[in-house]
Amino acid sequence: LTRALAPYRTEAPTPATLGLRFLAAIVDSLILTMAGLIIQFLVFGSFTNAADSMLTGGPRTFVVMAVGFVIGILYFAVQEGVWGATLGKRICRLRVVAPDKSAPGIGLGLVRALIYHGVPAVPSWIVLIFFKGNFLAGTTGPSAVSTLIGLSYYALVALLFCTARRRNGFAAVHDLITDTRVI
């Protein structure tokens, strides 16, 4: 009924601004961080043990990070694909739509999630897989390499939004590839 009446609404959906999308991303990041902390606590028994394990690497660390990554992908793919919005987007009154203004479906939601959540994580996964994360642990604090890896995540997220312009509805790379929009 909502979709059938949508063309007759007095207000048309407008593209979401980058500010609102950023705010929704912060909310989603907080939710995923809390879930990650709970998983780490359950697996390692304490946050100190989890932090020590992250510095030394090992198979258990890899599994926890892989599970966290999959949870992040599913968090975005299922919520955006089925309902059109993650919890962060719902709070900010945003939704992801396909060209027909409906929820994009699991397939497009998965592609969006893999691009948005997966691409920025590539440098961290390269270090973890090929270098076992060992050179990330400095003796007196974070090394320059770990700082660069951490900053690369945010640089890659910013690059995903380099295409966002008012004239294209503030469409980011993952929006353009999947032909979806956030409104």
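See the structure above.
Just so we're clear, the structure is a prediction, and the values are computed from it rather than from any experiment. (Residues numbered from 1 in each chain as written. Predicted model: local features only at pLDDT ≥ 70, side-chain atom pairs only at ≥ 80, totals over all residues. Heavy atoms only, no water.)

(A) How the structure looks around the pattern of salt bridges. Under the counting rule described, the total for this entry stands at 4 salt bridges. In this structure, R21 engages D175 in a salt bridge whose closest nitrogen and oxygen atoms are separated by 2.9 Å. Placement of the pair is R21 in helix α2 (residues 18-44) and D175 in helix α9 (residues 173-178), with a sequence separation of 154 residues. In this structure R21 comes out as buried when scored by relative accessible area, which is 9%. Its relative accessible area of 0% is what places D175 among the buried residues. Put simply, E80 and R112 hold a salt bridge, and the shortest N to O gap is 3.1 Å. Residue E80 is found in helix α4 (residues 59-83), and its partner R112 is found in helix α6 (residues 106-118); the two are separated by 32 residues along the sequence. Per residue, the accessibility class of E80 equals that of R112, and both read buried. Taken together, the salt bridges that share partners define one network made up of R21, E80, K89, R112 and D175. (Salt bridge = Lys/Arg side-chain N within 4 Å of Asp/Glu carboxyl O. Helix = DSSP H or I, 4+ residues; strand = E, 2+ residues; numbered from the N terminus. Buried < 20%, exposed > 50% of the residue type's maximum accessible area, 1.4 Å probe, protein only.)

(B) Molecular detail of the packing of α2 against α4. One way to put it is that α2 packs onto α4 with a least axis distance of 10 Å and a crossing angle of 150 degrees. If you check the angle between α2 and α4, you find them roughly antiparallel. In the crossing of α2 with α4, the sense of the turn from one axis to the other is right-handed. Residue-level inspection shows D28, I31, L32, I39, Q40, V43 and F44 of α2 in contact with α4, the latter providing R60, T61, V64, I71, G72, Y75 and F76. Among the residues forming the contact of α2 with α4, the class breakdown is 9 nonpolar, 3 polar and 2 charged. (Axes fitted to C-alpha atoms, helices over the stretch in contact; angles between N-to-C directions. Parallel < 35°, antiparallel > 145°, perpendicular 65-115°, else oblique. Left-handed = near helix turned anticlockwise from the far one by under 90°. Contact = heavy atoms within 4.5 Å. Nonpolar A, V, L, I, M, F, W, Y, C, P; charged D, E, K, R; others polar.)

(C) A look at the side chain of D28. Relative to the elements of secondary structure, D28 occurs in helix α2. No salt bridge is formed by the buried D28, whose closest oppositely charged neighbour, K89, lies at an N-O distance of 4.5 Å. Within the local environment of D28, its side chain forms a polar contact with the side chain of Y75, the two groups lying 2.6 Å apart. If we skip the residues at most four places from it in the chain, D28 touches Y75, F76, T86, L87, G88 and K89. (Lys, Arg positive; Asp, Glu negative; His and termini not counted. Polar contact = N/O pair within 3.5 Å; in protein donor to acceptor, adjacent residues only side chain to side chain.)

(D) Seen up close, the environment of I71. Structurally, the position occupied by I71 is in helix α4. For I71, a relative accessible area of 33% corresponds to the partly exposed category. In the structure, I71 is positioned 39 residues away from L32 in sequence and 8.2 Å away in space, judged by C-alpha atoms. In contact with I71, other than residues within four places in its own chain, are L32 and I39.

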